[in-house]
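Inside the fold
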Amino acid sequence: MTDLKRLAAECLAKLKDAGADTAQARLSLSEKREFNIDGGEFSLFRTTFNRTMTLTAFRETRTGSVTLNSFEPADIERAVSDCMAGVESDKPDPARGIAENQGERELTYGAPEPDAEKFFAATKTLKEDIETRYPTIMMEQMINSHDKTETVYADTNGNLFRLVYGSYGVGLMFSAHRGDKSSSFMGCGYATTDLDTPLIEQGDVARVLSDTEKQIDTVPVEGSFVGTVVLAPDCLCELLGCAIGSFATGTALIDGTSVWRDKLGKAVASPDFTLSLAPHDPAVVLPQQLTSDGYLTEDFDLIRDGVLESFVAGIYVSNKAGVPRSKNTATGWLVMPAGEKTLDELIAGIDDGLLVYRFSGGQPAGNGDFSGVAKNSFRIKDGKIADAVSETMISGNLAEMLFHFAGASSERVKDGYNVLPFAAFSGITVSGK
Amino acid sequence: MPVELVAVVGGYGSFDALFRDPAAVFPEVDLLYGKLLAKAEGVRPAPGLKTCILGGELTGMLAHEAVGHTVEADLVLGGSVAGPMLGKTVASPLVSLTDYAHAAFGKAAPLPVYVDDEGTPAVDAEIIRDGILVGDLNNRDTARRFGMKPQGNARAYAFSDEPLIRMRNTAILPGKSRLSDMIASVEDGYYLTDTRNGQADTTGEFMFGISMGYEIKNGKLGRALLDTTISGVAFEMLKTVDMVSDTVTWCSSGFCGKKQPMPVGLGGPELRCKLLMGGR
């Protein structure tokens, strides 16, 4: 058994001896046990092992970093040498740094030890449940795995953290078929520690399978209109992630191109809209515990009652952009409060719009403009779900869209990573042929 | 309002071989800057079904995303639209499409594959010939199931990865039209040149993000376009192709995502066709 703490300490000492002022070492050992189903048949069971080491050295205002997948002494010696060569050739930048001393911590979470037999039985039952309950569904691929990781983070400021964690992951890719007709493919998945609850009852799997069966026959939208779009949780997660990436973090803040650059403490969304980055929400299976700078994470509200409460900034972005450092640097682990209306009641208040399960779109522009195909989606007409649609696009602007938030469902989907409701936004352009 | 454009320079070969003289890249940077300035004054396209000329980079993406994936035999087993279409007309007779192994049009392909990761010697896989779907892409297992010959499409990324059915260098073959004649033939439409990303599904419905393009009015290029998205259904859209240019543009900067990443080449000529434009 490799003693990662001892190895990390040795790496830090070597980096100091080689001339580093400060240094970080992050070492991980991981094991993956994986079942695959392809074309409806079990096709793979395997166990794979991996190891990674990332060494980062700082001298004055220069930084070097190396990642390798070997813990052999000769390879580590070479990595230390390469890391310091990186320092030598780096462009000076005083914005970089590492966390101040927070002490030592050992954390074990999730389900680090797998029960492979039970997981296989649960996977087999999931396959049978889908075949029985959703006869038109054709399973293109199911990738279920248990992933265990032991990570040690150490730095020369005295931080030493050992994290041991694991979870079961379920990932499905499928479409519905009748004769020569088929739905678009659809995917869903989640992380869990629970093998006692049937896998089909976790995440949003049952609803997504059921709705995919209703998408074999589709009707294109004629012309275009501006309406209200209800985004399913996975789709909402994707677009909120784009908004955070474009407006709240990284180069957009540093370059000053973010449309939220001067909005801290100001309204960036409807007063009814709140979004937290909450890796420690009880429903999250594998939280972000550490930032890459070495800070232990905490939850925070990104937007509370429509007001931008924080950016997403580690040390570098914070120093470069002149914004406060955030309590975590996750761009996932999105948590939104549940609304008061059920999904059906939310839809009942919409005259004309779409329920969108999947957004197949280009990367939104820096200003937030987006457009893409509404896949696996339904027309909403006069407060009711109508036909499934095809060849239908939605367009809008992410920054404007948040001001047009029109409510969230009381149902929230917990997929182990995020806790999100269905959310409605008005003012979206829907266009068809 | 910020506008962005990204261009990839370089190609097959090592970094020090390709970038020995940075000045060699400057003309491409100048070109990119000129396009960016035009885009800064750009307009949003009108949404709806439009006559478009797809640039070669986009045609390559179409070949890869919207057709190539649908004929991967593992996706055929999973219910891809291409399964029952084998032997049938799926495109205009002007359209032929091949997944090249290591050479195409008398030159090395962008990402040559000589033998795949199941040990099968790689040969070209013809997919569409004159508008007819004539072949799928297989590994040894699916080739046996379908009674076909494996052609070297089983590729793995990392040392611990299992080989999956993947494309190599997928391209629509050039035609006989000149780009200038194609533009002159469009009364009201768009010339779409650059893309940021693309997706398609097993129905052949595709979406491409457009990062650069121009209006065409009365046969002449007009204002630049802001970012937008196009979509269509491959086997329907390809039937609307009525002009194919005589020049192929290759692109090999991206990774195809299908459980594992994989470097691929994709290419094609300009196509005149009907497409659904996104817009506001």
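What counts and how
- Residues numbered from 1 in each chain as written.
- Chains lettered and ligands numbered in written order.
- Predicted model: local features only at pLDDT ≥ 70, side-chain atom pairs only at ≥ 80, totals over all residues.
- Heavy atoms only, no water.
- Helix = DSSP H or I, 4+ residues; strand = E, 2+ residues; numbered from the N terminus.
- Rg over C-alpha atoms; globule rule 2.2 N^0.38 Å.
- Buried < 20%, exposed > 50% of the residue type's maximum accessible area, 1.4 Å probe, protein only.
- Contact = heavy atoms within 4.5 Å.
- Areas by Shrake-Rupley, 256 points an atom, 1.4 Å probe, with all protein chains shown as cover.
- Lys, Arg positive; Asp, Glu negative; His and termini not counted.
- Charge placed at Lys NZ, Arg CZ, Asp CG, Glu CD.
- Buried area = accessible area lost by both parts, 1.4 Å probe.
- Salt bridge = Lys/Arg side-chain N within 4 Å of Asp/Glu carboxyl O.
- Core = buried A, V, L, I, M, F, W, Y, C linked by side-chain atoms within 4.5 Å.
- Axes fitted to C-alpha atoms, helices over the stretch in contact; angles between N-to-C directions.
- Parallel < 35°, antiparallel > 145°, perpendicular 65-115°, else oblique.
- Left-handed = near helix turned anticlockwise from the far one by under 90°.
- Nonpolar A, V, L, I, M, F, W, Y, C, P; charged D, E, K, R; others polar.
- Pairing = 2+ DSSP bridges.
- 1 Å grid on protein atoms, 1.4 Å probe; cavity = no way out; pocket = protein on both sides within 12 Å on 5 of 7 lines; lining within 4 Å.
- Points joined across faces, edges and corners; volume = space filled by probe spheres on them.
- Domains from an automatic or database assignment.

Attention now moves to the overall build of chain B. The helix and strand inventory of chain B stands at 7 helices and 19 strands. A globule of 280 residues ought to have a C-alpha radius of gyration of about 19 Å, and chain B, at 19 Å, matches this closely. Seen through its principal axes, chain B has C-alpha atoms that stretch 55 × 45 × 35 Å. Across the 280 residues of chain B, 54% fall into the buried class. Partitioning the contacts of chain B with sequence separation of at least 6, the portion at a separation of at least 24 is 75%. Within the structure as shown, chain B displays about 11800 Å² of accessible surface, and the carbon and sulfur contribution to it stands at 55%. Looking at charge distribution, chain B has the averaged site of its 27 positive side-chain charges lying 3 Å from that of its 33 negative ones.

This part takes up the interface of chain B and chain A. Contacts between chain B and chain A engage 40 residues on the former and 45 residues on the latter. For the chain B and chain A pair, buried surface summed over both sides reaches about 3200 Å², with 50% attributable to carbon and sulfur atoms. For the pair chain B and chain A, the number of links is 7 salt bridges. Elements represented by at least two residues in the side of chain B that touches chain A include exactly α4 (73-77), β10 (188-200), β11 (205-217), β13 (228-233) and β19 (271-277) of chain B. The element contributing the most residues to the side of chain B that touches chain A is β13 of chain B, with 5 residues.

Phe 273, Leu 302 and Ile 394 of chain A are the most contacted members of the largest nonpolar core, which has 50 residues in total. Top element by residues in this core is helix α5 (residues 233-248) of chain A. It accounts for 9 residues. Grouped together as the second largest cluster of nonpolar side chains are 42 residues, Ala 66, Tyr 190, Ile 210 and Leu 275 of chain B included.

The next point concerns the packing of helix α1 (residues 4-17) of chain A against helix α2 (residues 73-89) of chain A. Residues and elements named next belong to chain A. Viewed as axis vectors pointing N to C, α1 and α2 meet at an angle of 45 degrees, and their least axial separation amounts to 10 Å. Comparing their axes, α2 and α1 come out oblique. Here α1 runs over α2; the crossing is right-handed. Here Leu 7, Cys 11, Lys 14 and Leu 15 of α1 lie close against α2, whose contacting residues are Ile 76, Glu 77, Val 80, Cys 83 and Met 84. For the contact of α1 with α2, the class distribution of residues is 7 nonpolar, no polar and 2 charged.

Within a regular beta strand, the side chains point alternately toward one face of the sheet and then the other, so they alternate between its two faces. All names here are of chain B. The side-chain alternation of strand β17 (residues 260-263) yields one buried face, formed by Gln 260 and Met 262, and one unburied face, formed by Pro 261 and Pro 263. Pairing of strand β16 (residues 255-258) with β17 involves 4 bridges; the strand directions are antiparallel. Directly across from Gly 257, in β17, lies its bridge partner Pro 261. Here β16 folds back onto β17, and the loop between the two strands holds 1 residue, one of which, Lys 259, carries a positive phi near 70 degrees.

What the second largest pocket holds in volume is close to 740 Å³. Every residue lining the second largest pocket is counted, 35 residues in all, and those nearest its centre are Asp 180, Lys 181 and Ser 182 of chain A together with Val 81 and Thr 203 of chain B. Elements with a minimum of two residues in the lining of the second largest pocket: β7 (181-182), β9 (218-220), β16 (369-381) and β17 (384-390) of chain A together with α4 and α7 (234-237) of chain B. Its residues placed into classes, the lining of the second largest pocket shows 13 nonpolar, 14 polar and 8 charged. Here the lining of the second largest pocket gathers at least three residues from each of two domains, domain 1 (4-213) and domain 2 (218-433) of chain A.

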